[in-house]
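Commentary on secondary and tertiary structure
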Amino acid sequence: MSFKKIEITELKFNPFTKIGKEWMLLTGGTIDSFNTMTASWGQLGVLWNKNVLTCYIRPNRFTYDFVENNELFTASFLGEEFRKALSFCGSHSGRDCDKMTETGLSPTELDNAVGIEQAELVLVCRKLYSYDMCESGFLTNDGLPAQFFGKDPYHRAYIAEIVGVYVKE
């Protein structure tokens, strides 16, 4: 498979469906050392006059250090035929297994970042800003911290400029 680089303005999709229902693989690192994880939380929009993706990664996830320690990461969107692979990458740690071998997915290098070869769409993202979520930041009393965190650590949010958009040819 190969990719074609396009302008971000050529994209036509519903971000609520693309991220929240179809999910994405966040991949950090280099082609020689990387990890990927499934994410269904995120935003696409404009901030600081830049097209951005905001994503969230818990510090105990194996992918966290790969994203934290590199300038670039990717968000790869795969078709429904890869639902099992997406589920696997969201429920297994790269500390304990080789996700590429287990799922049949393959890495590909795009603009010095690692994407997923089987993706229909890959966004190459350059980190601009990060912040750590915390319970005191919640402005409502509707149980969200207990529902989504419990004993798990709060996420680090990454706001990243989308510097490359690739679609399957």
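Higher on the page you've got the structure.
The following refers to the structure shown. (Residues numbered from 1 in each chain as written. Predicted model: local features only at pLDDT ≥ 70, side-chain atom pairs only at ≥ 80, totals over all residues. Heavy atoms only, no water.)

Before going further, it helps to examine the side chain of serine 76. When you line up the elements, serine 76 lands in strand β6 (residues 72-77). Separated by 3.2 Å, the side chain of serine 76 and the backbone nitrogen of isoleucine 116 make a polar contact. The contacts of serine 76, once residues within four sequence positions are left out, are Met24, Leu25, Gly115, Ile116, Ala119, Leu121 and Val122. (Helix = DSSP H or I, 4+ residues; strand = E, 2+ residues; numbered from the N terminus. Polar contact = N/O pair within 3.5 Å; in protein donor to acceptor, adjacent residues only side chain to side chain. Contact = heavy atoms within 4.5 Å.)

As enumerated under the stated definition, the model contains seven aromatic pairs in all. On the basis of an interplanar angle of 75° and a centroid distance of 5.5 Å, the ring pair of tryptophan 41 and phenylalanine 148 is categorised as edge-to-face. Residue tryptophan 41 is located in the loop between β3 (33-39) and β4 (42-47), and its partner phenylalanine 148 is located in helix α5 (residues 144-148); the two are separated by 107 residues in the primary sequence. Judged by its relative accessible area of 32%, tryptophan 41 falls in the partly exposed class. Each residue in the set Trp41, Tyr56 and Phe148 is aromatic and connected to the rest through ring pairs, giving one cluster. (Phe/Tyr/Trp six-rings, centres within 6.5 Å; stacked < 30°, edge-to-face > 60°. Buried < 20%, exposed > 50% of the residue type's maximum accessible area, 1.4 Å probe, protein only.)

With that settled, consider unusual backbone geometry. A positive phi is found at tryptophan 23, a non-glycine position, where the angle reads about 75°. With respect to the helices, strands and loops of the structure, tryptophan 23 is situated in the loop between α1 (15-20) and β2 (24-30).

Next up on the list: a nonpolar patch on the surface. Together, Leu47, Trp48, Tyr129 and Tyr131 make up an exposed nonpolar region whose accessible area comes to about 400 Å². Inspection of the secondary structure puts tyrosine 129 in strand β9 (residues 121-132). Residue tyrosine 129 is classed as partly exposed on the basis of its relative accessible area of 44%. (Patch = residues over 30% accessible without salt bridge, like charges linked within 9 Å, V, L, I, M, F, W, Y side chains within 5 Å. Areas by Shrake-Rupley, 256 points an atom, 1.4 Å probe, with all protein chains shown as cover. Salt bridge = Lys/Arg side-chain N within 4 Å of Asp/Glu carboxyl O.)

So, on to the pattern of salt bridges. Applying the stated rule across the entire model yields seven salt bridges. Close ionic contact of lysine 18 with glutamate 22 constitutes a salt bridge, the shortest N to O distance being 3.2 Å. Judged by its relative accessible area of 27%, glutamate 22 falls in the partly exposed class. Where arginine 156 meets aspartate 132, a salt bridge forms, and the shortest distance between an N and an O atom there is 2.7 Å. Taken together, the residues span a long stretch of sequence, with arginine 156 in strand β10 (residues 156-168) and aspartate 132 in strand β9 at a distance of 24 residues. A residue is classified by how much of its surface remains accessible, and arginine 156, at 15% relative accessible area, is buried. If you follow the salt bridges from partner to partner, you end up with Lys50, Arg126 and Glu161 in one network.

A word on the environment of histidine 92. By the element assignment, histidine 92 lies in the loop between α3 (83-91) and α4 (99-103). Taking the C-alpha atoms as reference points, histidine 92 and glutamate 102, ten residues apart in sequence, are found 10 Å from one another. Sequence-distant contacts of histidine 92, that is, excluding residues within four places in its chain, are made with Cys97 and Lys99.

Residues of α3 that are buried include every one of Arg83, Ala85, Leu86, Phe88 and Cys89, and no others. Looking at the packing, one finds that the buried side of α3 touches β2, β3 and α4.

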